[in-house]
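Okay, here's what each chain looks like letter by letter:
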Amino acid sequence: MKRLEGMELKIAWQQAFAQHQIHRPEAYYDRCDLENRTGKRVTLLAYADGELAGVSHLKYDSDYPFFRENGIPEINDLNVFPEYQRQGIANRIIEEFEHIARETTHRIGIGVGLYKDYGAAQRIYCRRGYIPDGHGIMYHNVPVVPGEMVRADDDLVLYLVKELGII
């Protein structure tokens, strides 16, 4: 596991995302780099056999209002590339973020999509002790109102929290 530091790791990450057809605008990488340098985010790059296997972030200033207002750091944009899935890499990333967060807080959060592609993530998070935060499902970080029509895409999310214990 390596923290994102320096241009070399940023380039490796961008190239790996492009290779796996995970599209992010250049501004995304720049924002992540800036937030890593200013302490607002920790980006971890997971390696297997010397190859980049996955990337994720711990955001101290979540875009999700409930997490932001309550000082809950958010595990964000967890990606393990298909050829490395089912090898425990996501669990190792989450474990490292829990360790990092435990130094300053007693809770950590994560959002998970609601359609089938997120099924494995939903199961991992539940097995690790993450539970719904009690605010229902969100679309673009806004509560979904009963009867409202929303699109089932990557922005339809249920946020989960985990108690980390006493700091």
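Criteria and cut-off values
- Residues numbered from 1 in each chain as written.
- Predicted model: local features only at pLDDT ≥ 70, side-chain atom pairs only at ≥ 80, totals over all residues.
- Heavy atoms only, no water.
- Helix = DSSP H or I, 4+ residues; strand = E, 2+ residues; numbered from the N terminus.
- Contact = heavy atoms within 4.5 Å.
- Areas by Shrake-Rupley, 256 points an atom, 1.4 Å probe, with all protein chains shown as cover.
- Lys, Arg positive; Asp, Glu negative; His and termini not counted.
- Charge placed at Lys NZ, Arg CZ, Asp CG, Glu CD.
- Polar contact = N/O pair within 3.5 Å; in protein donor to acceptor, adjacent residues only side chain to side chain.
- Buried < 20%, exposed > 50% of the residue type's maximum accessible area, 1.4 Å probe, protein only.
- Core = buried A, V, L, I, M, F, W, Y, C linked by side-chain atoms within 4.5 Å.
- 1 Å grid on protein atoms, 1.4 Å probe; cavity = no way out; pocket = protein on both sides within 12 Å on 5 of 7 lines; lining within 4 Å.
- Points joined across faces, edges and corners; volume = space filled by probe spheres on them.
- Phe/Tyr/Trp six-rings, centres within 6.5 Å; stacked < 30°, edge-to-face > 60°.

A separate point is the overall build of the protein chain. When helices and strands are counted, the protein chain shows 5 helices and 8 strands. Traced from its N-terminal end to its C-terminal end, the protein chain shows the element sequence β-α-α-β-β-α-β-α-β-α-β-β-β. A separation of at least 24 residues holds for 60% of the contacts in the protein chain among residues at least 6 apart in sequence. Counting every atom, the protein chain has about 9600 Å² of accessible surface; 50% of that belongs to carbon and sulfur. Between the centroid of the 20 positive side chains of the protein chain and the centroid of its 25 negative side chains there is a distance of 3 Å.

Inspection of the secondary structure puts aspartate 77 in strand β4 (residues 74-80). Separated by 20 residues in the primary sequence, aspartate 77 and histidine 57 place their C-alpha atoms 6.4 Å from one another. If sequence neighbours within four positions are ignored, aspartate 77 has contacts with Phe17, Arg24, Tyr28, Val55, Ser56 and His57. Side chain to side chain, aspartate 77 and asparagine 79 meet in a polar contact 2.9 Å long.

All right, on to unusual backbone geometry then. Phi at glutamine 21 is positive, roughly 55°, even though this residue is not glycine. Counting through the fold element by element, glutamine 21 comes out in the loop between α1 (7-19) and α2 (26-37). Take glutamine 21: its relative accessible area is 63%, and that puts it in the exposed class. A positive phi angle is found at aspartate 77, which is not glycine, with a value near 55°.

Here the focus is the nonpolar core. A general trend in soluble globular proteins is that nonpolar side chains are found buried together. One finds Phe97 and Tyr125 to be the most contacted residues of the largest nonpolar core, which totals 38 residues. When residues in this core are grouped by element, the largest group, 7 residues, is from helix α4 (residues 89-102). Within the second largest apolar cluster, 8 residues are counted, among which are Tyr64, Phe67, Val157 and Tyr159.

A separate point is the layout of surface pockets. Of the voids in this model, the largest pocket is the one considered here, and its volume is about 1600 Å³. What lines the largest pocket is a set of 48 residues, and nearest its centre among them are Asp77, Leu78, Asn79, Tyr118 and Tyr125. Contributions of two or more residues to the lining of the largest pocket are made by α2, β4, α4, β5 (107-113), α5 (119-127) and β8 (156-163). Here the lining of the largest pocket gets 7 residues from one element, more than from any other, and that element is β4.

This brings us to the packing of aromatic side chains. Here a ring pair, both rings aromatic, is described through the centre-centre distance and the interplanar angle of the planes. Under the definition given, this model contains 13 aromatic pairs. Judged by centre distance (6.3 Å) and plane angle (55°), the ring pair of tyrosine 64 and phenylalanine 66 falls under tilted. One exposure class covers both tyrosine 64 and phenylalanine 66, and it is buried. An aromatic cluster is present here, built from Trp13, Phe17, Tyr28, Tyr29 and Phe81 joined pairwise through their rings.

Attention now moves to the side chain of serine 56. If you trace the backbone, serine 56 turns up in strand β3 (residues 51-59). Among the polar contacts listed, one links the side chain of serine 56 to the backbone oxygen of asparagine 76, at a separation of 3.1 Å. Discounting chain neighbours no more than four positions away, the residues touching serine 56 are Val42, Thr43, Leu44, Ile75, Asn76, Asp77, Leu78, Ile93 and Phe97.

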